[in-house]
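Letter by letter, the chains look like this.
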Amino acid sequence: MEVLGFKAKSKIALLVVLVLSFGLAALYGLLKPVSNGCNMTYMYPTYIPIQMTSSAAAAPAKYGLYLYHEGWKTIDFKEHVQKLSGIPVLFIPGNGGSYKQVRSLAAESDRAYKVGPLERTFYEEARLTPEEGGEEDMDVAGFELRNQYNSRLDWFAVDLEGEHSAMDSAVLEQHTQYVVRCIHRILDQYEESFKAREKEGAATSVTLPKSVILVGHSMGGFVARAAVVDPLLRKSAVETIITLSSPHQQPPVALQPSYGHYFRHVNREWRKGYEVQTTAAGHYLSGPALSNVVVISISGGYNDYQVRTKYESLDGIVPPTHGFMISSTGMKNVWLSMEHQVILWCNQLVIQVSHTLLSLTDSRTGQPFSDTQIRLAIFSRMLRSAIPQSFNWRKQSQLSQQSMHAPTRDVKDRTESLYIPAACPSNVHWSDDGLERDLYIQTTTVTVLAMDGRRRWLDIQKLGSNGRSHFMFVTNLAPCSGVRLHLWPDKRNSTSDLPACIRIHEVTSRMVLIPSGPAPRQIEPGSQTEQAPPSAILRLGPKDMRGFRFLTISVAPRPSISGRPPPAVSMAVGQFFNPAKGEREISPWSPSLSGYSHKDLSWKEDHPLALNLSFTSSLGLLPVKFSLKTAGCGIKSSGLPDEQAGDIDNSKLCKLRCFPPVAFAWDETAGLHVFTDLYSDKIVVDSSPSLWSSPRSSEKTSVMLVVDPHCSYSSAMTVSVTAVASRFLLVYTSQIIGFSIVVIFFALMRQACAWDRNLPIPSMLKALESNLRFPIPFIYLAIAPIGLSLLVGFWISQPSPSFASFTIVSVVCYFLANGFIAILILTSQFAFYGAALLHIFIKKRFQWGGKTSQWFVNISSGFCSWKVVRVIRANPLMVTALAAITLACLVHPGLGLLVLLLSHALCCHTALCSFLTASFRSHARRHELFDYKKDGNGGPDKLTFKRDGISNQNFSSEDTCSNSPDSSKSFGETQLEIFHHRHGLFILHLVATLMFGPSFVTWLERIGTDHSFPWVLDSALSTGVILHGIFTSNPQFNSFLVSLPPIRNLEVRMHLLYLFAGYYSYLSSLALAPYREFYVMAAVGYTSIGLTLLQRWNKEKGDAHFVNRKHSHRH
């Protein structure tokens, strides 16, 4: 029996311990409660069933369609449906979701319609980028909000019985087909309701809806996109889609082959839908089929553990002119990351989405705008923040320069709305007489601590010298009504003194809204409190201020309260600064790997208002807990008596003077993240770095800290092991699963190679350990495929990641996969050995049991005499193959693989029992021989051995040593090699069966309610896997000697096939598509059966060139 050495055992034990520790740390981090800051949404729901028409009779009866009504009063369903005249919106639940999840969105939409639009503010609004079709002369992002919405939203919800659409492709396709029928039924219902009102004389002149807005959560968002490209859907029946935490690029964990195929098919149809239709000769046929469809993807950010932001991106599927993705962390008026289910009821997000949908209404038709650019611009204006999604000083400055010099005249567009000019509206205009005496600021930093009604002058030429060419202004005062900023070409007492061509430019409306925490609580009116957090930020670059001499900050006066001064909750800080002085680059790999603390990160007073920190490793992989502490603020003494001053430390005093710090994090994948009141918080972004398709820019995260220049700060940053483990597991789960099959293929390759070299077949654990040896096996098995992937990416013009980080992450995933497979091997091996020992023990007890044992033997003999049993025992592989393939093709692929798995387990059990029986017998003989010699008896011919008769029926009773001249191994060792060989196949097909596990669970849930044949793709691939298990069940099939007309005596070795299969699986894992590994498993199976049949044909043909290869092992 093969025994691992101490070094090999230590290596495997260390690997298993590390993987278990990593798994426990990741599990702890994932199960740790998450605080999202969301408010609850309350409602009074009523669900009105909508009857499907006869045209939809083919739809499953278990599904349903409902209309939502908000209100506590009892209503007449038929009368309510007859009054339908709003904008139809269909909600599609996700994996295991309920149609009742529509209640939060529907209730807030009803309230928004009744209350009216959000209060108008004068912050800068987001604009469409040039890539999205934004033009300076057609910008509807700033259109004026109406006082009341024109049409209400009629929310429908589809009931999909809570089925798990994320686990089976057949369920996903059936949901898509039913949603298409629901869309048709909703449009028909509006026509029926209009005719009913017209018949009763109550019809009004309204435009019937021609399309339905789709809102999908999780997999419901993908179902919405799949329904749009369904050939049965009416033309232009869907023009607007909003998805909430929905995967678009690929499934979160792609395990089932048909599931990945369906995703690729839908995405391919969407890419074609935005292309101009041409004939085979290249002539114009028609415009893009999806030219009127706009898609908005909203992600939950880093707290969404089920669907990562990278999967929710629309890149490569929907062009920027027809949709975009936005994270809830960067969404205006939301600024929160939320879990997968929380996104449905988070009140901040639900309110914003409701007002956005209501803003799509065209006042002329009462239905959404038909123009794609108008709808996209409204989405951008309502959802996006004006804070740039990528941190780039120069780019931001250019954009702001363009926006500042935009025409200030009022222009009407197709929405019949007025563009907002750069200046504040006339109804909030301040007269110069309303301001008290002016203040002339002589320092680069200006501070406002109260609404004092003064205007502050800052000399740009003087204060902006010595590299301080940028100006930043943060405040919690509202633009226009609380504070106004102007750029002056010269100092004048009034704007009327200036010629019209050189009048001042007001930049107030370029202030950007940022999230602000709650205002500090005031103990009594007028008392001093901590500084309030900022709610707006303004930045001017050198190009913005070119041609101007002065910058003025005008603060509105505020009346006193009961004769006392107003509370100190108003704040504004401005500064001319040099952004280069605030830049720091931080490497998380120093000084230690377990956790790092940069205590040297400190800033003295009068530092730049904006500090730019560049992390060389993405915070999506290494979340940083950032602690910022005020070290000083220029206050030497509190001025209080000693007995009172002792209770007030330096930190509390500084909080009275300096505003709370704010952090902005930019990431290539997730976009903008805002962290308010950053005295101690964890900075994390939902990035996906070091992936095959990740660009180099995703390796870094830029963080901008906005801190009060009056205070000095010291910071400390640490990395939590549990946070890193949980993030790593979330991002690279698919890669680790795929690498698990890679590890098994390489271990099978090691076993097949040993057979070809006439060496004992190693156990799976020994083969796994051998492949981890450095340098030769490890380099060409773990490192070489990484280089191959980079070459393939270069060949297909794919963005290449950083080689160092990509290699490190891939190797770590490879080690984790090795540890997982080692645990699987040890667990199954212990189970097999335990079952074999129990079997031998029970067999011995029955032999000693007298009549009871004889009765059991008689029953067993009678059962084995049945003709069916005799046929099965005579052709076990053929029967197993027929049963498994039949189940895989007609019932479910998981059942067919389960039959194959049981066959492997039975063979492993039989071989192991034979090996243990032979080992026990050999040990007993050696023990009796030792006792015989100890008694002084001479001559081995006088020794008689006792036979236990254990293997008379079930196991072979051959001698432990072979007498064949072609055999050099004992019977027991031969049986052990058979066990090792079948155990390797068992592990491979066990992982394959587990990959079909989610689909199989869904199939079990649908038994009795629905039956459909499996996808042909799944059945064909699982058949190939079954054939691989059947036709390589014997170790002698590790090599084939075949003869073809052009080639004679061609030897095909399985270890080469396993090597190629491992390389292909490696690349599929790097592409986050482990389901593709079924293709190579099936290819190995079909190849093995082809080689087997060809070898038999050569042998039966009696080809003179055919030579059968012999092996020295006995079977």
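Residues numbered from 1 in each chain as written. Predicted model: local features only at pLDDT ≥ 70, side-chain atom pairs only at ≥ 80, totals over all residues. Heavy atoms only, no water.

(A) Expanded view of the overall build of the protein chain. In terms of regular secondary structure, the protein chain is built from 26 helices and 31 strands. Counting over 1115 residues, the protein chain shows a buried share of 54%. By sequence separation, contacts in the protein chain at least 24 residues apart represent 80% of the contacts at least 6 residues apart. Carbon together with sulfur atoms contributes 58% to the accessible area of the protein chain, which is approximately 50000 Å² in total. (Helix = DSSP H or I, 4+ residues; strand = E, 2+ residues; numbered from the N terminus. Buried < 20%, exposed > 50% of the residue type's maximum accessible area, 1.4 Å probe, protein only. Contact = heavy atoms within 4.5 Å. Areas by Shrake-Rupley, 256 points an atom, 1.4 Å probe, with all protein chains shown as cover.)

(B) Just helix 16 (residues 776-795), in detail. With 20 residues, helix 16 extends 27 Å from end C-alpha to end C-alpha; this agrees with the ideal 28 Å at 1.5 Å per step. Along helix 16, the sharpest kink reaches roughly 35°, centred on Ala784 and followed within four residues by the proline Pro785. Within the sequence span of helix 16, burial applies to Pro777, Phe778, Leu781, Ala782, Pro785, Ile786, Ser789 and Gly793. Positioned one or two residues after helix 16, Ser797 has a phi angle of 60°, which is positive. (Expected span 1.5 Å × (residues − 1). Bend = angle between axes of the 7 residues up to and from the residue.)

(C) Molecular detail of empty space enclosed by the protein. Counted by the stated rule, this structure contains five cavities of 30 Å³ or more. Its volume calculated, the largest cavity comes out at about 40 Å³. Around the largest cavity, the lining residues are Leu748, Gln751, Ala752, His981, Leu985, Asn1038 and Tyr1058. Among the elements that make up the lining of the largest cavity, the one with the highest residue count is helix 14 (residues 721-756) (three residues). (1 Å grid on protein atoms, 1.4 Å probe; cavity = no way out; pocket = protein on both sides within 12 Å on 5 of 7 lines; lining within 4 Å. Points joined across faces, edges and corners; volume = space filled by probe spheres on them.)

(D) Local environment of the sheet that holds strand 21 (residues 583-586). Spatially, five strands are ordered 21-23-28-25-26 in an open sheet, and the strand pairing comes out mixed. Edge positions in the open sheet fall to strand 21 and strand 26 (671-675), since each of these has one partner strand only. Each strand of the sheet is rotated relative to its neighbour by a mean of 20°, with strand direction disregarded. Both strand 25 (residues 662-667) and strand 28 (residues 701-706) contribute to a ladder of five bridges, which runs antiparallel. Note on strand 28: the bridge partner recorded for Ala665 is Val703. (Pairing = 2+ DSSP bridges. Axes fitted to C-alpha atoms, helices over the stretch in contact; angles between N-to-C directions.)

(E) Focus on unusual backbone geometry. Cis geometry is adopted by the peptide bond preceding Pro775, which originates at Phe774 and carries an omega value of 15°. For Pro775, the location among the structural elements is in the loop between helix 15 (764-771) and helix 16. Here the phi dihedral of Ser797 falls at roughly 60°; this positive angle occurs in a residue that is not glycine. Examined against the element boundaries, Ser797 turns out to sit in the loop between helix 16 and helix 17 (803-847).

(F) Region of interest: the confidence of the model for the protein chain. Across the protein chain, pLDDT averages 81, with 80% of residues at or above 70. Throughout residues 590-599 the model reports pLDDT below 50, and contacts reaching past four residues in sequence, or to other chains, amount to 20 contacts. (pLDDT = per-residue confidence, 0-100.)

(G) Spotlight on the nonpolar core. Core analysis: the largest hydrophobic core is formed by 101 residues, its most contacted members being Tyr814, Ile821 and Tyr1058. Discounting chain neighbours no more than four positions away, the residues touching Tyr814 are Phe739, Val742, Val743, Phe746, Leu772, Phe778, Leu781, Ala782 and Tyr1066. Val102, Phe324, Met331 and Val334 belong to the second largest nonpolar core, which has 50 residues in total. (Core = buried A, V, L, I, M, F, W, Y, C linked by side-chain atoms within 4.5 Å.)

(H) Representation of the pairing of strand 2 (residues 64-70) within the structure. With seven of seven residues buried, strand 2 lies mostly within the body of the structure. Here strand 2 shows two buried faces, one formed by Gly64, Tyr66, Tyr68 and Glu70 and the other by Leu65, Leu67 and His69. Sheet topology note: the strand 1 (residues 45-50)/strand 2 ladder contains six bridges and is antiparallel. In the sheet register, Ile48 faces strand 2, and the bridge partner there is Leu67. By the bridge criterion, four bridges tie strand 2 to strand 4 (residues 153-159) in an arrangement that is antiparallel. Bridge pairing in strand 4 links Leu65 to Val158.

(I) Examining the pairing of strand 20 (residues 572-577) more closely. Burial of strand 20 is extensive: six of the six residues sit out of reach of the surface. Sheet analysis places strand 12 (residues 445-448) next to strand 20, joined by four bridges and oriented antiparallel. Across the sheet, residue Thr445 finds its bridge partner in strand 20, namely Gln575. Two elements, strand 14 (residues 470-475) and strand 20, share six bridges in a ladder whose sense is antiparallel. Bridge pairing links Thr475 to Ala572 in strand 20.

(J) Spatial organisation of the packing of helix 16 against helix 25 (residues 1054-1070). Where helix 16 meets helix 25, the axes come as close as 10 Å, and the angle between the chain directions of the two elements is 55°. Here helix 16 is positioned oblique relative to helix 25, judged by the angle of their axes. The way helix 16 lies across helix 25 gives a crossing that is right-handed. Residue-level inspection shows Tyr780, Leu781, Ala782, Ala784, Pro785, Ile786, Leu788 and Ser789 of helix 16 in contact with helix 25, the latter providing Leu1059, Tyr1063, Tyr1066, Leu1067 and Leu1070. (Parallel < 35°, antiparallel > 145°, perpendicular 65-115°, else oblique. Left-handed = near helix turned anticlockwise from the far one by under 90°.)

(K) Quick look at a positive patch on the surface. A cluster of basic side chains, namely Arg264, Arg268, Arg271 and Lys272, defines a positive patch on the protein surface. Looking at the element boundaries, Arg264 is found in helix 6 (residues 257-273). (Patch = residues over 30% accessible without salt bridge, like charges linked within 9 Å, V, L, I, M, F, W, Y side chains within 5 Å. Salt bridge = Lys/Arg side-chain N within 4 Å of Asp/Glu carboxyl O. Lys, Arg positive; Asp, Glu negative; His and termini not counted. Charge placed at Lys NZ, Arg CZ, Asp CG, Glu CD.)

(L) A look at the packing of aromatic side chains. By the definition in use, this model includes 30 aromatic pairs. Ring plane angle 80° and centroid distance 6.1 Å describe the contact between Tyr833 and Phe979, whose orientation is recorded as edge-to-face. Residue Tyr833 is found in helix 17, and its partner Phe979 is found in helix 22 (residues 971-995); the two are separated by 146 residues along the sequence. On the basis of relative accessibility, which here comes to 0%, the residue Phe979 falls in the buried class. (Phe/Tyr/Trp six-rings, centres within 6.5 Å; stacked < 30°, edge-to-face > 60°.)

(M) Representation of helix 1 (residues 6-31) in the model. In a regular helix each residue adds 1.5 Å, so 26 residues correspond to 38 Å; helix 1 covers 37 Å between its end C-alpha atoms and thus fits that length. Those residues of helix 1 that fall on the buried side of the exposure criterion are Ala8, Ile12, Leu15, Val16, Val19, Ala25, Ala26 and Gly29.

(N) A nonpolar patch on the surface, seen in detail. A cluster of nonpolar side chains, Leu838, Phe841 and Ile842, forms an exposed patch at the surface whose accessible area comes to about 290 Å². Here Phe841 lies in helix 17. Since its relative accessible area comes to 47%, Phe841 is described here as partly exposed.

(O) Here's a closer look at the environment of Asp677. Structurally, Asp677 can be placed in the loop between strand 26 and strand 27 (680-683). Asp677 sits 14 residues away from Ala663 along the chain, and the two C-alpha atoms are 8.3 Å apart. Dropping the residues within four chain positions of it, Asp677 is found in contact with Pro660 and Pro661.

(P) Region of the structure containing the side chain of Glu125. Structurally, Glu125 can be placed in the loop between helix 3 (103-115) and strand 4. Polar contacts involving the side chain of Glu125 include one to the side chain of Lys332, which spans 2.8 Å. (Polar contact = N/O pair within 3.5 Å; in protein donor to acceptor, adjacent residues only side chain to side chain.)

(Q) Looking closely at the sheet that holds strand 17 (residues 512-513). Sheet architecture is open: five strands sit in the order 12-20-14-18-17, paired in antiparallel fashion. Each edge of the sheet is formed by a strand with only one pairing partner; in this case those strands are strand 12 and strand 17.

(R) Up close: the state of the cysteines. Under the criterion given, the structure shown has two disulfides. Shown here is the disulfide that connects Cys658 with Cys711, its sulfur atoms set 1.7 Å apart. Negative torsions about the S-S bond denote left-handed disulfides, and the value of about 90° found for Cys658 with Cys711 makes this one right-handed. With Cys658 in the loop between helix 13 (650-655) and strand 25 and Cys711 in the loop between strand 28 and strand 29 (712-718), this residue pair connects regions lying 53 residues apart in the sequence. (Disulfide = S-S within 2.5 Å.)

(S) Representation of the pattern of salt bridges in the model. Counted under the stated rule, the structure contains 20 salt bridges. In this structure, Arg152 engages Asp110 in a salt bridge whose closest nitrogen and oxygen atoms are separated by 2.5 Å. You can see Arg152 sitting in the loop between helix 3 and strand 4 and its partner Asp110 sitting in helix 3, a full 42 residues away along the chain. The class for Asp110 is buried, based on a relative accessible area of 12%. Between Asp362 and Arg364 there is a salt bridge, with its nearest N and O atoms 3.2 Å apart. Among the charged side chains, a network of salt bridges with common partners joins Lys11, Glu769 and Arg773.

(T) Inspection of the packing of helix 14 against helix 25 at higher detail. Where helix 14 meets helix 25, the closest approach of the two axes is 8 Å, and the angle between their N-to-C directions is 170°. When the interaxial angle is binned, helix 14 and helix 25 end up roughly antiparallel. Residue-level contacts link Gln735, Gly738, Phe739, Ile741, Val742, Phe745, Phe746, Leu748, Met749, Ala752, Cys753 and Asp756 of helix 14 to Met1054, His1055, Tyr1058, Leu1059, Ala1061, Gly1062, Tyr1063, Ser1065, Tyr1066, Ser1069 and Leu1070 of helix 25. Considering only residue class, the contact of helix 14 with helix 25 consists of 16 nonpolar, six polar and one charged. (Nonpolar A, V, L, I, M, F, W, Y, C, P; charged D, E, K, R; others polar.)

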